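Structure assessment
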Amino acid sequence: MDRICLYFYLMPILLVILGSSTQAFQGPAPLSHTDTAIINDWYRGAFLSMKGDLKRSDDFVNKAWKMAIDIGYDQGIADGYYYTGCIYEQKGALDIAGRYFEKAISLYLQGQFMDNLPDSYRRLGEIYIHDGRYYTGLQNFLNGLRVADEQGNRIDQVRLSIQLANYHNTISRDYKEAIAILRDAERWTNAVGYTHALGPIYLQYSISYGKQQDYTGALHYTDLARRAFVEASDNKNLLETLLTEGDVYGRMHDEGRLANILEEAEPLIDSIGDDRLTSRFQLLYATELYFLGDYNTALDTCEALYAQLKSAAQQSDRLRVRLLHAKILFATGDLRSADSLIGDYAYVKDSLYAAQYVGQGMEMSENYKLEKFERQIKEQELLLSNTRYQRYGLITGIVVLLTILGILYFHFREKDKLAHRVALQNAEISVQNEILKQANKQNELLLREIHHRVKNNLQIINSLLSLQSRKTTNREVITMMQESSSRINSIALIHNKLYQQQSINRLNIQDYIEQLGAHLLSIYNVGNKRVQFHVEANDVSLDIDTAISVGLILTELTTNSLKYAFVGREAGEIHVDVSYKGDRDYELVFKDNGVGIPETKRKQTNETLGFRLIHSLTRQLAGMVHYTFDEFSMYNIRFKGQA
């Protein structure tokens, strides 16, 4: 109750300080990490299948986008616009793709989601460049590069730098600036190991050097680009590299190398089917015809290219065709037509450059007017918002205050009830725990008593066998009784160890094997030979079923060694090593430095009862037995234990 009074006096003071900031008391519901992970996985699946299966990619995006809207996942909603734009870009619907990228950028900036923002700027800039909106395209490249630099995102920095270099190579003609940008991109690429970008970087280098008539540098980088694209199996960029190399040979008037390039590029032209690259190939082909003196075929090729190069993005290639056309006319002696064509060429070239810069100026002017208009709208909206807040702030504050006080009252009331119920439940749980502990202790005592009684019963059986063996003089029967007694004793030892130790489920195998070995030495060490028994199994514990099988196997192996391995010797060594190999796998190594089993008697030995028992028990443990004889006679047994 004191806490309720405290909140009653504090809340009006807080409301006076905060004014009309009522939204501070509200917050978005927490998003499920599982739901957002599913949405992100669907988007990744859409991106991976985008080049091979657009239908599958579209289905992934639609599912992820709908789920993001349903749960209010803002980043997922923004990603929906981005990935949908990528799909439309892949389909070739660039206008629609551009609108989706614009919306994605707006939402990314609003929510400060930076992961896909640089790539959105890059893709939107490419669309603007394709539409002839060069200034806006450049601005998008620069904005993307700035965001990538702030994030330290080297991959996007490299991609955007390649686009900037392409802009300077094709639009601004600032080839030195392009080379400077490419040097930074190459350094970043090597730093992060993004080798996939080296081919495009080398290609832009070759264009820059070729435009500056540095043909040695251009050919050096075309060679590097060719190697990179061949290694990546990127046939489209490989074709573009070949055509760039062909342009260099055309400017050098190297007819032979140009012919080789065309011969190498022709199969790629047929397989790729890109109209822009096909037009460039045809222009190089016309250039080769011009060098060979086949002017009529060259003129026909130029006429065909005029019909193909009609869009605004192809005006630069159209100018190159016009210049080649004029050269052919000069070569044929038609000086009047050639002179007229050269004049048209100069006029169109000037008009094209003027249009580019005038278009950029108009674009900048329109952008300025649009930004100014948007700024005025935001100022008016802010003014209206302030007025509304001032008018309704006090009323909203009172309503919120009363609501919060009511919520706090019921919250603390329910909290007290809940605390009382929890205290009762804790008391009940404590009682149940105590009952379970007592029951568990009783069960452990009973189980220990069972182990003790099993051990006693087995010892009684042993005594009976011993008494029975005294009533016969048949050595074979006595030996069988003795061996059976040893086997029973190995099992009795296990129950005795489980009765004595703290754990009643698993057996420390080291102590058990040492006692088993001492017992067998006392029975079978004929002539009191100096036989040393070494055990190494300190860190191994086994369940009772596995321990019984292992004990019987060791009983047979030790008995066999003591009876036959040291015949004619005064001393010997027996080594037992049990180790855990991981994933329920164990290894038992038993070896002695006795006489071993001759190859001629090994099959006969394996058919005895003891060795049949060893193989049977090993199969029960899902294991295998392997025997070798070198310095030691050694049995290696791999088997499975229970967890």
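Note that residues are indexed from 1 along each chain, following the sequence as it is written. In keeping with the predicted nature of the model, local features appear solely for residues at pLDDT of at least 70, side-chain atom pairs appear and are counted solely at 80 or more, and the whole-chain, interface and lining totals rest on all residues. Processing note: side-chain calculations cover all non-hydrogen atoms of the structure and skip hydrogens and water entirely.

1. Observations concerning the overall build of the protein chain
A run of H or I in DSSP counts as a helix once it spans at least four residues, and a run of E counts as a strand once it spans at least two, with each numbered from the N terminus. In terms of helices and strands, the protein chain carries 22 helices and seven strands. Any residue under 20% of the maximum accessible area for its type is buried, any over 50% is exposed, and the rest in between are partly exposed; the area is computed with a 1.4 Å probe on protein chains only. Expressed as a percentage of its 643 residues, the buried residues of the protein chain come to 40%. All accessibility values rest on the Shrake-Rupley procedure with a 1.4 Å probe; residue burial counts only the protein chains present in the view. Per element, the accessible surface of the protein chain, about 37,000 Å² overall, is 53% carbon and sulfur.

2. Looking at the packing of helix 12 (residues 235-251) against helix 13 (residues 255-272)
Interhelical geometry of helix 12 versus helix 13 gives an angle of 155 degrees and a closest axis separation of 9 Å. By the angle between their axes, helix 12 is roughly antiparallel relative to helix 13. When you trace helix 12 past helix 13, the crossing you get is left-handed. Of helix 13, the residues touching helix 12 (which contributes Asn235, Lys236, Leu238, Leu239, Leu242, Glu245, Gly246 and Tyr249) are Arg257, Leu258, Ile261, Glu264, Ala265, Leu268, Ile269 and Ile272. In terms of residue class, the contact of helix 12 with helix 13 is built from 10 nonpolar, two polar and four charged. As a rule, the C-alpha atoms of each element are fitted with a line to give its axis, helices using only the stretch in contact, and angles between N-to-C directions run from 0 to 180 degrees. For this classification, under 35 degrees means roughly parallel, over 145 means roughly antiparallel, 65 to 115 means roughly perpendicular, and everything else is oblique. Handedness of a crossing is defined here by the sense of rotation of the near helix relative to the far one, left-handed for an anticlockwise turn of less than a right angle and right-handed for a clockwise turn. Between two residues, a contact is recorded if the distance between any of their heavy atoms is within 4.5 Å. Polar here means any residue other than Ala, Val, Leu, Ile, Met, Phe, Trp, Tyr, Cys and Pro, which are nonpolar, and Asp, Glu, Lys and Arg, which are charged; Gly is therefore polar.

3. Looking at the side chain of Glu556
If you trace the backbone, Glu556 turns up in helix 20 (residues 544-565). On the basis of relative accessibility, which here comes to 10%, the residue Glu556 falls in the buried class. Setting aside residues no more than four positions away along its own chain, Glu556 makes contact with Arg487, Gly610, Leu613 and Ile614.

4. Re the pattern of salt bridges
Should their charged atoms come close, side chains of opposite charge can pair. When a carboxyl oxygen of Asp or Glu lies within 4 Å of a side-chain nitrogen of Lys or Arg, that pair is called a salt bridge. Taken as a whole and assessed by the stated rule, the structure comprises 21 salt bridges. A salt bridge links Glu150 to Arg146, with the nearest nitrogen and oxygen atoms 3.6 Å apart. Of the two residues, Glu150 and Arg146 both sit in helix 7 (residues 134-151), four residues apart, roughly one turn of that helix. A residue is classified by how much of its surface remains accessible, and Arg146, at 39% relative accessible area, is partly exposed. Because the salt bridges share partners, they merge into one network encompassing Glu89, Asp119, Arg122, Arg123, Glu126, Asp156 and Arg159.

5. Quick notes on the sheet that holds strand 7 (residues 633-640)
By the convention used here, strands pair only if DSSP detects at least 2 bridges between them. Spatially, the five strands line up as an open sheet ordered 2-4-5-7-6, and their pairing is mixed. Both edges of this open sheet fall to strand 2 (530-536) and strand 6 (624-629), since each of them pairs with a single strand only. Ignoring which end each strand starts from, the neighbouring axes of this sheet average 10 degrees apart. Relative to strand 7, strand 6 is paired through six bridges, and the arrangement is antiparallel. Counted as the bridge partner of Thr628 is Met634 from strand 7. On top of the sheet, helix 20 reaches strand 2, strand 4 (571-582), strand 5 (585-592) and strand 7; it is set at about 15 degrees to strand 5, its chief contact.

6. Section: the confidence of the model for the protein chain
Per-residue pLDDT for the protein chain has a mean of 80; in total, 79% of the residues score no lower than 70. Each residue carries a pLDDT score, the predictor's own confidence in it, on a scale running from 0 to 100. When mean pLDDT is compared element by element in the protein chain, helix 5 (residues 94-111) scores highest at 93, while helix 1 (residues 2-18) scores lowest at 45. A low-confidence stretch, residues 1-28 (pLDDT under 50), is modelled with 22 contacts involving residues beyond four sequence positions or located in other chains.

7. Here's the deal with the nonpolar core
In a soluble, globular protein the nonpolar side chains are often hidden away together inside. Ranked by size, the top nonpolar core spans 53 residues in total, and within it Val158, Ile201, Tyr205, Leu239, Val321, Leu324 and Ile328 carry the most contacts. For this core, the element with the most residues is helix 14 (residues 275-292), which contributes eight residues. Filtering out sequence-adjacent residues up to four positions away, Ile201 remains in contact with Val158, Ile162, Leu182, Ala185, Glu186 and Thr189. Val550, Leu552, Val576 and Ile614 belong to the second-largest nonpolar core, a separate cluster that totals 41 residues. We call a set of buried residues a nonpolar core when its members are Ala, Val, Leu, Ile, Met, Phe, Trp, Tyr or Cys and they connect through side-chain atoms within 4.5 Å of each other.

8. A few points about a nonpolar patch on the surface
A cluster of nonpolar side chains, namely Tyr392, Ile395 and Val399, defines an oily patch on the protein surface of about 300 Å² accessible area. When you line up the elements, Val399 lands in helix 17 (residues 335-469). Only residues above 30% relative accessible area that lack a salt bridge enter a patch, with like-charged residues linked at up to 9 Å and the nonpolar side chains Val, Leu, Ile, Met, Phe, Trp and Tyr linked at up to 5 Å.

9. Some thoughts on the environment of Leu182
Relative to the helices and strands, Leu182 resides in helix 9 (residues 175-192). A relative accessible area of 0% places Leu182 in the buried class. Contact partners of Leu182, with chain neighbours within four places excluded, come to Ala165, Ile201, Gln204, Tyr205 and Ser208.

10. Quick notes on the pairing of strand 5
Look at any regular strand and the pattern is simple: side chains alternate between the two faces of the sheet. Judged by how many residues are buried, strand 5 sits mostly within the fold: six of eight residues are covered. Direction of pairing for strand 4 relative to strand 5: antiparallel, over a ladder of eight bridges. Paired with Asp577 across the strands is Val589, a residue of strand 5. Adjacent in sequence and paired antiparallel, strand 4 and strand 5 are bridged by two residues, among which Asp583 carries a positive phi angle near 55 degrees. When strand 5 meets strand 7, the two strands line up antiparallel, connected through eight bridges. The residue of strand 7 that forms the bridge with Leu588 is Ile637.

11. A few points about the side chain of Arg122
Tracing the backbone through its elements, the reader meets Arg122 in helix 6 (residues 117-130). In protein, a polar contact requires one atom able to donate a hydrogen and another able to accept it; more generally it is a pair of N or O atoms within 3.5 Å, and residues adjacent in sequence count only if both atoms are side-chain atoms. A distance of 2.9 Å separates the side chain of Arg122 from the side chain of Glu126, its partner in a polar contact. In contact with Arg122, other than residues within four places in its own chain, are Phe141, Arg159, Leu160 and Gln163.

12. Notes on the packing of aromatic side chains
Stacked, edge-to-face and tilted are the three classes for Phe, Tyr and Trp ring pairs, Trp counted by its six-membered ring, which pair at centre distances within 6.5 Å; planes under 30 degrees apart are stacked, over 60 edge-to-face, the rest tilted. Taken as a whole, this structure holds 19 aromatic pairs when the rule is applied. Summarising the aromatic geometry, the rings of Phe47 and Tyr83 are spaced 6.3 Å apart at their centres and angled 75 degrees between planes, so their arrangement reads as edge-to-face. Pair noted here: Phe47 is in helix 2 (residues 33-48) and Tyr83 is in helix 4 (residues 74-91), with a separation of 36 residues, a long-range link. Classification of Phe47 by relative accessible area gives partly exposed; the value is 39%. Measuring from ring centre to ring centre gives 6.4 Å for Trp65 and Tyr100, while their planes differ by 65 degrees; the resulting arrangement is edge-to-face. Taken together, the positions of Trp65 in helix 3 (residues 54-71) and Tyr100 in helix 5 put the pair 35 residues apart, joining distant regions of the chain. Residue classification places Trp65 among the buried positions, given a relative accessible area of 15%. Its relative accessible area of 23% is what places Tyr100 among the partly exposed residues. Whether a charge lies above a ring is judged from NZ of Lys or CZ of Arg, which has to be within 6 Å of the ring centre and within 35 degrees of the ring normal. The ring of Tyr88 carries Lys91 above its face, with NZ or CZ at 5.3 Å from the centroid. The residue whose ring lies beneath Lys591 is Phe632, and the NZ or CZ to ring-centre distance is 5.1 Å.

13. Focus: helix 3
Expected helix span is taken as 1.5 Å per residue step, with the number of steps being one fewer than the number of residues. Taking 1.5 Å as the rise per residue, helix 3 with 18 residues should run 26 Å; its terminal C-alpha atoms sit 26 Å apart, in good agreement. Within the span of helix 3, buried status applies to Ser57, Phe60, Val61, Ala64, Trp65, Met67 and Ala68. Viewed end-on, helix 3 has its buried residues packed into an arc of 165 degrees, placing them on one side of the element. Opposite the packed face of helix 3, turned more than 90 degrees from it, sit the exposed residues Lys55, Lys66 and Asp70. Where the residues of helix 3 are buried, they touch helix 2, helix 4 and helix 5. A positive backbone phi angle near 75 degrees is found at Gly72, which sits one or two residues after helix 3. The directions from the helix axis to the C-beta atoms form the arc being described.

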